[in-house]
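Summary of the model geometry
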Amino acid sequence: MSAVVATGVVKTFQTGSGLITALDDVSLTVERGEFVSLIGPSGCGKSTLLRLIADLDVVTSGSVEVFGKSARQARLDQDYGIAFQTAGLLPWRSVTANIELPLQLHGVDGPARRARASELIELVGLGEFATSFPEQLSGGMQQRVAIARSLAERPELLLMDEPFGALDEMTRERMQSELVRICAETGAAVIFVTHSIPEAVFLSDRVVVMSPRPGRIRDIITVALGDARGESLREETSFFTSVTRVREALHGAPGSDVGRGLDAR
Amino acid sequence: MNSTLRLRVVPPIALGVVALVAWQVLVVAADIQPYLLPAPSAIAAQLIVIAPALWSAMLATGLNALVGLVAGTVLAIVLAITASRIRFIDQLLAPIIAAIAVVPIVALAPVLTNMFGATSETPRRVIVTIVVFVPVFVNTLRGLRQVQPVQRDLLRSYAASRWQLTTTVTLPGALPYIFTGLNIASSLAVISAIVSEYFGGLQNGLGSRITSAAANSAYPRAWAYVFGAIILGLVFYSATLALGRLASRRR
């Protein structure tokens, strides 16, 4: 059974200027333990697709199945963890209490909550900051708290919507390496929305290249860089070959302007 | 006492003392009559004489203010939560809130005193409740609308109930706003409790004592009750301020 199966997904939004087709006939399968990135220019519907899988929005037509269930049932069963572009921490809660939030909402008792939170704080390397409050942390540290929170209930599927989008280059690369390590440790499937080609290539087993207006899947590129992805990978030829393949898929035919709005980070 | 605290506390006290001395000197030197302005020494002497009566008047007015403050605050918070959840209720309440906001208590007090009878504390408490309601409601509603979309999405992804969203995200986020409203309301509560006594009814509170002392030309005594009113207002204001600090630390 696959982690996610999207079949013929169409999503339209009614706006002031008329009906917008955010996604048009999108089909995608993500296997268990697989890391898949969604990449494309603004307005290609990659975040929309993620929100449909998370059941934060509902498909107009088509279907989304998560672990063989409807997206809604998967959300109610807490089958996935999610992290957004902004950390979305509650400013009046400490790092520990923020990570405990999903556990607390689902009735996990105090000692078990604290044990799990301290495990996760170690996992994301924030040991000294367990009792700090979000305003005392840098953007990168807040994002690590958000990732720890998304892992709190040991989900087999992680949904990440540009979680490193607001970070500086150095923090971003360090967070990517940590995410690779965390995914290897947890064995979760990941769907990762990004604007950045190198980020998508570095992290993913497969990169889904999307095009805008209406949002469609243009190409799916398999990046077979192996499991042992260290910092040195970023300088290897195989890495650059994959970056080039993704870039060409994004830009389509020469002279096309589909790739505009993307940065080369 | 450390030096920063000394810098914050000493200057206002010194200013107060200087003002009192200047007041005393002015009254004595210019031979100002007590019905115009009594000397601080005369007011202080009256404070000692009327101390037991002042205390019971402060208690009576204070209790009315407190009952009204609690009732108005609870009502305002409950209705604000309802309005923030249900759009229809929000639209229903908006014009009524605007109407309540402009009701002059001096107009309402005589009417309510007649309605409930001259031996009842109820009209005064109702007036305080109405006066307190508006700033608490308006600020609470604003606070409840501060939830960020990302926090709403997050709680939805956790399949949290609306009640869980309210208790873990919406209300804690609204707390600073609620206490802003409460700080305004606490001073208004004491003022309106005193003013509501100016229109007849029981003669047990600060407002009625001030009017009767002034009517009997006992000006230093009237001022002594005014002093009690200031103290009562400060107690209410500092209490809500302290409560707000405590709540923001504990949430």
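Keep in mind the model is a prediction, meaning the values are calculated, not measured.

**Re the overall build of chain A**
Each helix and strand counted, chain A has 8 helices and 10 strands in total. Since a compact globule built from 265 residues should have a radius of gyration of about 18 Å, the 18 Å found for chain A is in line with a globular shape. Along the three orthogonal principal directions, the C-alpha set of chain A runs to about 55 × 40 × 40 Å. Within the span of chain A, comprising 265 residues, buried residues form 42% of the whole. Of all intrachain contacts in chain A linking residues separated by at least 6 positions in sequence, the fraction that spans at least 24 positions is 70%.

**Quick notes on the overall build of chain B**
When helices and strands are tallied, chain B shows 10 helices and 0 strands. Counted from the first residue to the last, chain B has its helices and strands arranged as α-α-α-α-α-α-α-α-α-α. Dimensions along the principal axes, computed over C-alpha positions, put chain B at roughly 75 × 55 × 30 Å. By the burial criterion, 37% of the 251 residues in chain B qualify as buried. A separation of at least 24 residues holds for 78% of the contacts in chain B among residues at least 6 apart in sequence.

**Quick notes on the sheet that holds strand β4 (residues 61-66) of chain A**
Residues and elements named next belong to chain A. Strand order in this open sheet of 4 strands is β2-β1-β4-β5, and the pairing throughout is antiparallel. Of all the strands in the sheet, just β2 (18-30) and β5 (69-70) have a single pairing partner and so form its edges. Bridge analysis of strand β1 (residues 4-15) against β4 gives 5 bridges, and the strand direction is antiparallel. Note on β4: the bridge partner recorded for Val5 is Glu65.

**Structural notes on the domain arrangement of chain A**
One frequently used descriptor of interface size is the decrease in accessible area upon assembly of the parts. All names here are of chain A. Split by domain assignment, chain A resolves into domain 1 (1-79 + 155-224 + 241-254) and domain 2 (89-154). Placing the centre of domain 1 and that of domain 2 at their C-alpha centroids yields a distance of 25 Å. The greatest single-element share of the side of domain 1 that touches domain 2, amounting to 5 residues, is contributed by helix α6 (residues 169-186). Taken together, the residues of the side of domain 1 that touches domain 2 break down into 8 nonpolar, 3 polar and 1 charged.

**Remarks on the domain arrangement of chain B**
Structurally, chain B comprises domain 1 (1-32) and domain 2 (38-250). Domain 1 of chain B and domain 2 of chain B are separated by 30 Å when their C-alpha centres are compared.

**Structural notes on the interface of chain A and chain B**
In this assembly, 13 residues from chain A lie in contact with 15 residues from chain B. Breaking the side of chain A that touches chain B down by element, the ones donating at least two residues are α2 (71-76) and α3 (95-105) of chain A. In the side of chain A that touches chain B, the residues fall into 9 nonpolar, 3 polar and 1 charged.

**Considering the sheet that holds strand β9 (residues 206-211) of chain A**
All names here are of chain A. Pairing within the open sheet is mixed, and its 6 strands lie in the order β6-β7-β8-β3-β9-β10. Single-partner strands in this sheet number two, and they are β6 (80-83) and β10 (216-222). Taken pair by pair, the neighbouring strands of this sheet meet at an average axis angle of 15°, ignoring direction. Sheet analysis places strand β7 (residues 157-161) next to strand β8 (residues 189-194), joined by 5 bridges and oriented parallel. Bridge assignment links Met160 to a residue of β8, and that residue is Phe192. Of the strands in this sheet, β6 and β7 are in contact with helix α5 (residues 139-150), which crosses β6 at around 170°. Sheet contacts for helix α8 (residues 237-251): β3 (35-39), β9 and β10; angle to β10, the most-contacted strand, approximately 165°.

**As for the pairing of β10 of chain A**
Bridge count for β9 of chain A against β10 of chain A is 6 bridges, and the pairing is antiparallel. Paired with Val207 of chain A across the strands is Ile221 of chain A, a residue of β10 of chain A.

**Remarks on unusual backbone geometry**
Residue and element names in this part refer to chain A. Cis geometry is found at the peptide bond from Arg213 to Pro214, where omega equals -5°. Among the secondary structure elements, Pro214 is positioned in the loop between β9 and β10. At Asp25, a position not held by glycine, the phi torsion is positive, near 50°. With a phi close to 45°, Arg154 is a non-glycine residue in the positive phi region. Mapped onto the fold, Arg154 is located in the loop between α5 and β7. Take Arg154: there are 11 C-beta atoms within 10 Å of it, and that puts it in the exposed class.

**Details of the nonpolar core**
Of all hydrophobic cores here, the largest spans 74 residues; its most connected members are Ile39, Ile53, Leu159 and Ile191 of chain A. Here this core spans two domains, since at least three of its residues come from each of domain 1 (1-79 + 155-224 + 241-254) and domain 2 (89-154) of chain A. Other than its neighbours up to four places away in sequence, Leu159 of chain A contacts Leu50, Ile53, Ala54, Tyr80, Ile82 and Ile191 of chain A. Core analysis: the second largest hydrophobic core is formed by 48 residues, Ala60, Ala80, Ile178 and Ala229 of chain B among them.

Quick notes on the rules
- Residues numbered from 1 in each chain as written.
- Chains lettered and ligands numbered in written order.
- Predicted model: local features only at pLDDT ≥ 70, side-chain atom pairs only at ≥ 80, totals over all residues.
- Helix = DSSP H or I, 4+ residues; strand = E, 2+ residues; numbered from the N terminus.
- Rg over C-alpha atoms; globule rule 2.2 N^0.38 Å.
- Buried ≥ 20, exposed ≤ 12 C-beta atoms within 10 Å, placed from the backbone.
- Contact = placed C-beta atoms within 7 Å.
- Pairing = 2+ DSSP bridges.
- Domains from an automatic or database assignment.
- Nonpolar A, V, L, I, M, F, W, Y, C, P; charged D, E, K, R; others polar.
- Axes fitted to C-alpha atoms, helices over the stretch in contact; angles between N-to-C directions.
- Core = buried A, V, L, I, M, F, W, Y, C linked by C-beta atoms within 7 Å.

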